[in-house]
Amino acid sequence: MKVAFWSNTRGRSCVTSNLACISVLSTLSSSDRERIIVLENHQNILNLGNALFCHQSKQEVRENRGYQVEHGLSRLLRAMERGERLSEEAVFRYAENFLGQRLFYLPAGNGRNQEMFEYRLERDCIRTIRLLEQYGNLVLVDTAAASLASSRKILRQADMVVINLSQNRQMLDHIFRNYSAIRKKAFYLIGNYDAESELTRGAIIKEYHIPGSRLGIIPHNVQFADAVSAGELIPFLLRNYHCEEESCNYEFMASAREAALLFQKAAEQVDRWE
């Protein structure tokens with residue numbers, strides 16, 4: 001299944017950290033046989049890889065430590081361009097893997113030639129994602145808010161679009177006045193959620209007529225933000241996954257786990273949405 005994570009603005013809606021969080025929590029709550037593949041269609045210093053791991057990450061979290069000269073999505077695109085046979089083993093050789101080879105990340109590259117990367121991705125993104133669907137139960141794409149041709153293609157072809165919202169009325173109004181095609185297959189996610197805002201989850205559901213089953217929240221949490229910044233998101237979520245009510249992270253984990261559960265249920269039922 002193809003899922004695009006997207007926002008109408010850059011830098012305000014926590015798309016990358018939301019995707020990283022949901023992908024890890026979904027992996028932890030899925031069966032050992034399921035695989036999730038994550039990638040982005042843009043090259044940025046603030047990327048999924050920087051949230052998921054750092055060079056000092058523990059072995060049980062990240063098993064594949066080696067980098068090739070050209071690896072990840074760039075290498076996969078080159079292989080497709082050359083018509084190479086891409087077996088399951090070959091595809092996963094280009095990826096970083098986590099959590100017992102159940103979560104895979106295809107880095108977008110080092111950003112040295114972004115125009116060429118976008119050209120190749122725009123040409124082959126649909127074929128590439130369909131290939132990845134053969135080997136993963138979920139393919140999650142961090143889709144740039146910028147007007148990239150590959151973003152438009154991915155959003156059109158995605159089975160579900162996770163629209164990342166912020167508690168800002170202008171941004172919310174813009175989303176719900178536009179993008180009707182995307183909203184037909186949308187699950188909504190509010191990152192850095194502040195319960196003290198007048199635009200609470202309940203208020204947004206009521207004002208913008210969103211089914212409660214299709215809106216999750218990831219609350220503001222300093223330790224979570226620090227873990228994302230340090231590349232220690234997976235250890236942070238593992239440590240706190242079963243934390244007790246006395247923990248300062250209990251409310252965050254309860255809400256984030258509920259968001260992941262709502263996301264998974266929405267993905268299972270998207271074909272039945274009106």
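Up top is the structure.
The structure contained in this document is the topic of the report that follows. (Residues numbered from 1 in each chain as written. Predicted model: local features only at pLDDT ≥ 70, side-chain atom pairs only at ≥ 80, totals over all residues. Heavy atoms only, no water.)

**Here we look at the side chain of Asn-249**
Put simply, the rule reads: The helix count covers DSSP runs of H or I at least four residues long, the strand count covers runs of E at least two residues long, and both are numbered beginning at the N terminus. Should any heavy atoms of two residues lie within 4.5 Å, those residues are counted as being in contact.
The topology assignment puts Asn-249 in the loop between α11 (233-240) and α12 (250-269). Aside from chain neighbours lying at most four places away, what touches Asn-249 is Asn-221, Gln-223, Phe-236, Asn-240 and Cys-243.

**Re the side chain of Lys-2**
Formally: The buried label applies to any residue whose accessible area, calculated with a 1.4 Å probe on protein chains only, is under 20% of its type's maximum; exposed applies above 50%, and partly exposed to all values in between.
Here Lys-2 lies in strand β1 (residues 2-6). Judged by relative accessible area, which is 14%, Lys-2 ranks as buried. If we ignore the near neighbours within four places in the chain, the residues touching Lys-2 are Ile-129, Glu-133, Val-139, Gln-157, Ala-158, Asp-159 and Met-160.

**Observations regarding the sheet that holds strand β7 (residues 186-193)**
What counts, and what does not: Two strands form a pair only when DSSP identifies at least two bridges running between them. Convention adopted: a line fitted to C-alpha atoms gives each axis, helices being fitted over their contacting stretch, and angles between N-to-C directions are expressed from 0 to 180 degrees.
In space, the eight strands of this open sheet follow the order β3-β4-β2-β5-β1-β6-β7-β8, with mixed pairing throughout. This sheet does not close on itself; its edge strands, each paired only once, are β3 (96-98) and β8 (215-219). Averaged over neighbouring strand pairs, the angle between their axes works out to 20° when direction is ignored. Bridge count between β1 and strand β5 (residues 138-142): four bridges; the pairing is parallel. Bridged to Val-3 within β5 is Leu-140. Packing of α12 onto the sheet brings it into contact with β1, β5, β6 (160-165), β7 and β8, and relative to β8 it is tilted by some 150°.

**As for the layout of surface pockets**
Our working rule: A pocket here means an open set of points on a 1 Å grid, computed over the protein atoms alone, that has protein on both sides within 12 Å along at least five of seven lines. A cavity is instead a set of points where a 1.4 Å probe fits but cannot get out; residues with an atom within 4 Å of a point line either one. Grid points are joined across faces, edges and corners, and a volume is the space filled by probe spheres set on the points. Asp, Glu, Lys and Arg are counted as charged, while Ala, Val, Leu, Ile, Met, Phe, Trp, Tyr, Cys and Pro are counted as nonpolar; the rest, among them Gly, fall into the polar class.
By volume, the largest pocket is sized at about 930 Å³. Of all elements in the fold, only α1 (15-28), α2 (48-52), α5 (114-135), β7 and α10 (222-230) reach the threshold of two or more residues within the lining of the largest pocket. For the lining of the largest pocket, the class distribution of residues is 14 nonpolar, 20 polar and five charged.

**Here we look at empty space enclosed by the protein**
Going through the model one piece at a time under the given rule, you end up with two cavities of 30 Å³ or more. Around the largest cavity, the lining residues are Lys-2, Val-3, Ala-4, Ile-126, Ile-129, Val-141, Ile-154, Gln-157 and Ala-158. Looking at the lining of the largest cavity, the elements that each hand over two or more residues are β1, α5 and α6 (149-157). Sorting elements by how many residues they give to the lining of the largest cavity places β1 first, with three residues. Taken together, the residues of the lining of the largest cavity sort by class into seven nonpolar, one polar and one charged. Approximately 30 Å³ is the volume found for the second largest cavity. As for the second largest cavity, its lining consists of Leu-39, Asn-41, Leu-73, Leu-121, Cys-125, Thr-128, Ile-129, Val-141 and Ile-154. Top element by residues in the lining of the second largest cavity is α5. It accounts for four residues. Of the residues that constitute the lining of the second largest cavity, the class distribution is seven nonpolar, two polar and no charged.

**Focus: the pairing of β1**
Across a regular strand the side chains alternate sides, sitting on one face of the sheet and then on the other. Most of β1 sits out of view: five of its five residues are buried. Where burial is concerned, the two faces of β1 agree: the one with Lys-2, Ala-4 and Trp-6 and the one with Val-3 and Phe-5 are both buried. Pairing analysis gives four bridges linking β1 to β6, with the strands arranged parallel. In the strand pairing of β6, Val-3 is matched with Met-160.

**Observations regarding the pairing of strand β4 (residues 103-106)**
The side-chain alternation of β4 yields two buried faces, one formed by Leu-103 and Tyr-105 and the other by Phe-104 and Leu-106. Taken together, the four bridges between strand β2 (residues 36-40) and β4 define a ladder with parallel strand orientation. The partner of Ile-37 across the bridge, within β4, is Phe-104. Across three bridges, β3 lies against β4 in antiparallel orientation. In the strand pairing of β4, Phe-98 is matched with Leu-103. Hairpin remark: β3 followed by β4, antiparallel, with four residues in the connecting loop; positive phi at Leu-99, about 55°.

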